[in-house]
Amino acid sequence: MTDTKSVLAELAASVLEGVEPAALEAMIEVPPNPDMGDLSIPCFKLSKTLRQSPQLIAEALAGKLPAHPAFAKATALSGYLNVFFDKRHFAESVLGDVLRQGDRYGCRAIGSGKTIVIDFSSPNIAKPFHVGHLRSTVIGNALYRIHRFLGYDCVGINHLGDWGTQFGKLITAYKLWGDRNEVEAGGIEELMRLYVKFHDEAEAKPELDDTARAWFVKLERGDEEALELWRWFKAISYKEFERIYGLLGVTFDSDAGESFYNDKMGAVVEELKAKGLLEEDQGAYLVRLDDFNMPPALILKKDGATLYHTRDIAAALYRQRTYGFAKAIYVTDYAQNLHFQQWFKVIDLMGYEWADRLVHVPFGRVNLEGVKFSTRKGNVVLLEELLRQAIDKTRDIIESKNPSLDDKDEVAKQVGVGAIVFNDLSNNRIKDVSFSWKDVLNFEGESGPYVQYTYARACSVLRKAGLSAQKAGEAFAGESGFDASLLANPEAQQVVKELAAFPDKVVQAMDKLEPSIVSRHLIDIAQSFNRFYHECPILTDDAALKTARLALVACACVVLRVGLGLIGLQSPERI
Ligand code: ARG
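Quantities reported herein were computed from a predicted structural model and do not represent experimental measurements.

About the cut-offs
- Residues numbered from 1 in each chain as written.
- Predicted model: local features only at pLDDT ≥ 70, side-chain atom pairs only at ≥ 80, totals over all residues.
- Heavy atoms only, no water.
- Helix = DSSP H or I, 4+ residues; strand = E, 2+ residues; numbered from the N terminus.
- Buried < 20%, exposed > 50% of the residue type's maximum accessible area, 1.4 Å probe, protein only.
- Areas by Shrake-Rupley, 256 points an atom, 1.4 Å probe, with all protein chains shown as cover.
- Lys, Arg positive; Asp, Glu negative; His and termini not counted.
- Charge placed at Lys NZ, Arg CZ, Asp CG, Glu CD.
- Axes fitted to C-alpha atoms, helices over the stretch in contact; angles between N-to-C directions.
- Parallel < 35°, antiparallel > 145°, perpendicular 65-115°, else oblique.
- Left-handed = near helix turned anticlockwise from the far one by under 90°.
- Contact = heavy atoms within 4.5 Å.
- Nonpolar A, V, L, I, M, F, W, Y, C, P; charged D, E, K, R; others polar.
- Near = heavy atom within 4 Å.
- Polar contact = N/O pair within 3.5 Å; in protein donor to acceptor, adjacent residues only side chain to side chain.
- Pairing = 2+ DSSP bridges.

### A word on the overall build of the chain
Logical step 1: Each helix and strand in the chain was counted, giving 22 helices and 12 strands.
Logical step 2: Taken along the three principal axes of its C-alpha coordinates, the chain extends 85 × 65 × 35 Å.
Logical step 3: A buried classification covers 54% of the 575 residues belonging to the chain.
Logical step 4: Surface summary for the chain: the accessible area is close to 25,100 Å², and the carbon and sulfur share equals 48%.
Logical step 5: Looking at charge distribution, the chain has the averaged site of its 67 positive side-chain charges lying 1 Å from that of its 79 negative ones.

### Regarding the packing of helix α13 (residues 308-323) against helix α14 (residues 337-349)
Logical step 1: Put simply, α13 and α14 touch, their axes get as near as 10 Å, and they point 50° apart. One finds that α13 runs oblique with respect to α14. For the element pair α13 and α14, the recorded crossing hand is right-handed. For the pair formed by α13 and α14, the contact residues are Y308, H309, D312, I313, A316 and L317 on the first element and H339, F340, Q342, W343, V346 and I347 on the second.
Logical step 2: Taken together, the residues of the contact of α13 with α14 break down into 8 nonpolar, 3 polar and 1 charged.

### Quick look at the site of the ligand
Logical step 1: The ligand sits among D119, S122, N124, H133, H159, Y308, D312, Y330, T332, Q336 and F340.
Logical step 2: A distance of 2.7 Å separates an oxygen atom of the ligand from a polar side-chain atom of H133.
Logical step 3: Considering the ligand on its own, with 350 Å² of exposed area, one finds that the protein chains cover 90% of that surface.
Logical step 4: Broken down by secondary-structure element, the contributors of at least two residues to the shell around the ligand are α13 and β9 (327-333).

### Some details on the sheet that holds strand β2 (residues 71-77)
Logical step 1: Strand order in the open sheet formed by 3 strands is β1-β3-β2, and the pairing between neighbours is antiparallel. Because the sheet does not close on itself, it has two edges, and the strands there are β1 (39-42) and β2. Each strand of the sheet is rotated relative to its neighbour by a mean of 15°, with strand direction disregarded.
Logical step 2: Across 4 bridges, β1 lies against strand β3 (residues 80-85) in antiparallel orientation. Among the inter-strand pairings, I41 is bridged to a residue of β3, identified as L81.
Logical step 3: Strands β1, β2 and β3 of the sheet are contacted by helix α1 (residues 4-15), whose axis makes an angle of about 45° with β1.
Logical step 4: Contacts from helix α4 (residues 54-64) reach β2 and β3, with the element oriented near 160° to β2.

### Some words on the sheet that holds strand β4 (residues 115-119)
Note on sheets: strands pair through backbone hydrogen bonds, and any given pair is parallel or antiparallel.
Logical step 1: The 4 strands are arranged β5-β4-β9-β10 in an open sheet whose pairing can be described as parallel. Two strands lie at the open edges of the sheet, namely β5 (153-157) and β10 (358-363), each paired on one side alone. Taking each pair of neighbouring strands and ignoring which way they run, the sheet shows an average axis angle of 20°.
Logical step 2: Sheet strands touched by α14: β9 and β10. Its angle to β10, the strand with the most contacts, is close to 180°.

### What about the packing of helix α7 (residues 166-177) against helix α9 (residues 188-204)?
When two helices pack together, you describe them by how their axes are tilted relative to each other and by the distance separating the axes.
Logical step 1: Where α7 meets α9, the closest approach of the two axes is 9 Å, and the angle between their N-to-C directions is 95°. It follows from the interaxial angle that α7 and α9 lie roughly perpendicular. Between α7 and α9, the contacting residues are Q166, K169, L170, T172, A173, Y174 and W177 on the first element and L191, R193, L194, Y195, K197, F198, H199 and E201 on the second.
Logical step 2: Looking at side-chain class alone, the contact of α7 with α9 contains 8 nonpolar, 3 polar and 4 charged residues.

What follows is the structure, encoded as structure tokens:
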């Protein structure tokens, strides 16, 4: 599309002396109400430089603005210059872009040559994959896809919690009360049972804690028996995590978890010492952060064991060395805010100028109360069951609405899982998410199924006209593909506007690390499309009108599909 803002800025600058187009472009606003125009320049921002009243400036602009095919008229109102698009030109240029670029519509080279490391999901071995990890997985995956779309090289890392004193406890518990077959059969649930039992028993027998510490020290020193058990616990846990990743369709470029940094931590400790940052405190070592109003970052325990902080610092140094990242982001629950602020500060104190490229991306909690589970076996099962329930419920809905659909199971999976994912991404990430099946699976509400259903509806219209949703671009290619003046009515124009806004929304989502900007925009596109669909018969007898409307439908299809893909949802063509 002709970038209308920059065109307007150029035109306005040619009328006003001494005002730069770039400065003008930054001022341009979209009026709250389309009756007031499509773009406006608030002239009070110019009145100081130009020593004139805002209204006089607006009037001068309205009178002298050179004609341009993108704009139909310009008016001055209360100190604003309001500019109206030429509707035909607008529709033609936006749809032309979408048809030409297809699934690359909105793609940019902003990140070209730059690498972003995205640390997300990162559940803990032998512990439940809880709903916080689900959110991290879903948000991280969307950020991954958005950045890749904007040209970044992305490295998705599952920083598995596979190291730490809890493994000393687990080994101790397993050796005292565990059974190989029961662990094989029970998986994480059985490992959790042992872990909980350890804590219960250790209350009365504190010597158990000593045994556990000793096992962890053995593990850190590479003791074969400890390592063998640890590897086994890890394999058992990962098998369960993989089922969830499979349902969500999420993959990683690296599974280097906390244990990966074992042989890299000695050097970190030495470096901290050499830089005079490490302080001994009753046998333990820490970095004081009093000057920054934070509690100290613990680096080594009394027994020499490393901590969560130590491993994150070692990982950041390794990732900077290995990937040379322009940005490294960490997607976790906001409960970890302090943890990240602390060790980001340590990296800064170590003198690394790239400390400011580390970004914590916190998110709020999900409230799953109100969801009923048939079993109460701990959260892994719970989460998987949540996804399975969504799939089953979706399958029931499909069964009643469209019993003759092929691939019902596959579609139910795409829509059911999509419903959960979309729910997680439908508000600012920092907000807590509430969960109700009624909203999550509401095909009419602001939900994933609503957007997917709108896409399927658009595909069905194209199909009836003998067009394919994947190759619609070809049908309307060329100058005489369709007559855009037939898309001047408000319903069609609103769809065009939403499609035109999409590329900027993707960039905003990247800037703010906020996938909900894309999700919410998809709702806007779907709502405007459905209004158009209901108000404007598409498959009419008027051939020219039909072609123009079909072109708009084809473009809506493309943008919905691209947008859904960016937030990690599938786009089934039939539901
Ligand atoms: N395993 C951690 C947890 O479950 C999350 C890890 C996040 N990433 C990181 N580099 N600290 O709380």
